[in-house]
Amino acid sequence: MRKKRILFCGEATYLNTGYATYGREVMKRLYQSDKYDLAEFASYGEHKDNNAPWMFYSNMPDANNKQEVDQYNEKPTNQFGEWRFEEALLEFQPDIVFDIRDFWMLEYQERSPFRSFFNWVIMPTVDASPQNEQWLATYSSADGVFNYSDWGYEVLNKESNGIINCLGAAPPSADAAYQPVE
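Here the structure is a predicted model, which means the values were calculated and not measured.

Listed as buried for helix 6 (residues 150-159) are G152, V155 and L156. Buried positions in helix 6, seen along its axis, are confined to an arc of 90° and lie on one side of it. Away from the buried face of helix 6 by more than 90 degrees, exposed residues D150 and K158 are located. As for helix 6, its buried residues are in contact with helix 5 (133-141), strand 6 (144-147) and strand 7 (166-169). Backbone geometry just after helix 6 places N161 at a positive phi near 55°.

What follows is about the layout of surface pockets. Within this model, the largest pocket holds a volume of roughly 260 Å³. Considering the residues around the largest pocket, the lining is formed by I6, Y22, V26, R29, L30, I96, F98, I100, V121, M123, F146 and A170. At the level of secondary structure, the elements contributing two or more residues to the lining of the largest pocket comprise helix 1 (18-33) and strand 4 (96-99). By residue class, the composition of the lining of the largest pocket is 11 nonpolar, no polar and one charged.

The subject of this paragraph is the nonpolar core. Ranked by internal contacts, the top residues of the largest apolar core, which has 28 residues, are L7, F41, F85, V97 and L156. Mapped by element, the contributors of at least two residues to this core are strand 1 (4-11), strand 2 (36-43), helix 3 (85-92), helix 4 (103-106), strand 5 (119-122), helix 5 and helix 6. The contacts of F85, once residues within four sequence positions are left out, are L7, C9, F41, V97, Y108, Q109, S112 and F118. Counting 12 residues, the second-largest nonpolar core is a separate cluster that includes F8, V26, F98 and V121.

Now for the sheet that holds strand 2. With respect to topology, seven strands assemble into an open sheet ordered 3-2-1-4-5-6-7, the strand pairing being parallel. Either end of the sheet is taken by a strand with one partner, and the two such strands are strand 3 (55-58) and strand 7. Neighbour-to-neighbour, the strand axes of the sheet open up by a mean angle of 20°, direction not taken into account. Of the pairings in the sheet, the one linking strand 4 to strand 5 comprises four bridges and is parallel in character. Bridge pairing in strand 5 places V97 opposite W120. In the packing of helix 6 onto the sheet, contacts are made with strand 6 and strand 7, and the angle to strand 7 comes to roughly 160°.

What counts, and at which threshold
Residues numbered from 1 in each chain as written. Predicted model: local features only at pLDDT ≥ 70, side-chain atom pairs only at ≥ 80, totals over all residues. Heavy atoms only, no water. Buried < 20%, exposed > 50% of the residue type's maximum accessible area, 1.4 Å probe, protein only. Helix = DSSP H or I, 4+ residues; strand = E, 2+ residues; numbered from the N terminus. Arc of directions from axis to C-beta. Contact = heavy atoms within 4.5 Å. 1 Å grid on protein atoms, 1.4 Å probe; cavity = no way out; pocket = protein on both sides within 12 Å on 5 of 7 lines; lining within 4 Å. Points joined across faces, edges and corners; volume = space filled by probe spheres on them. Nonpolar A, V, L, I, M, F, W, Y, C, P; charged D, E, K, R; others polar. Core = buried A, V, L, I, M, F, W, Y, C linked by side-chain atoms within 4.5 Å. Pairing = 2+ DSSP bridges. Axes fitted to C-alpha atoms, helices over the stretch in contact; angles between N-to-C directions.

Now the structure itself:
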């Protein structure tokens, strides 16, 4: 029996941003479990800069390829992966697509023509109430939604009348990677 395949979408895990750090910690733990085949679909990450032990798909265009650069620059959401998402899906064929980012960085995944072929698990940023109705509709179409806080969990659960499949909260502050450094 083959391992479940997880395509983790987010900012390149070798970067030093909040999303990248969170993604790196999740990916490290999944990799160490040896239960999954993993691939990273990395925004803002070039393939040459990667040294992760899992498969890596860069979202960046080849700087020497004018056609790729033009296509990447054609639409603002391409920086988040919209222009190369289907390529990664077709090549890796994930069972699960997991994304931890803001609504506008992940919403294109819901519109994928291959959406029925993967389970979609997201962890959107919930930092205000009320939530935009479009966001709630998108979150309700996900197979599972994690939250950064219990408060975020309650907001999504209440504002969707329990329709969003909220799986729980996973605060990053609980991890040593988010502790102050000297």
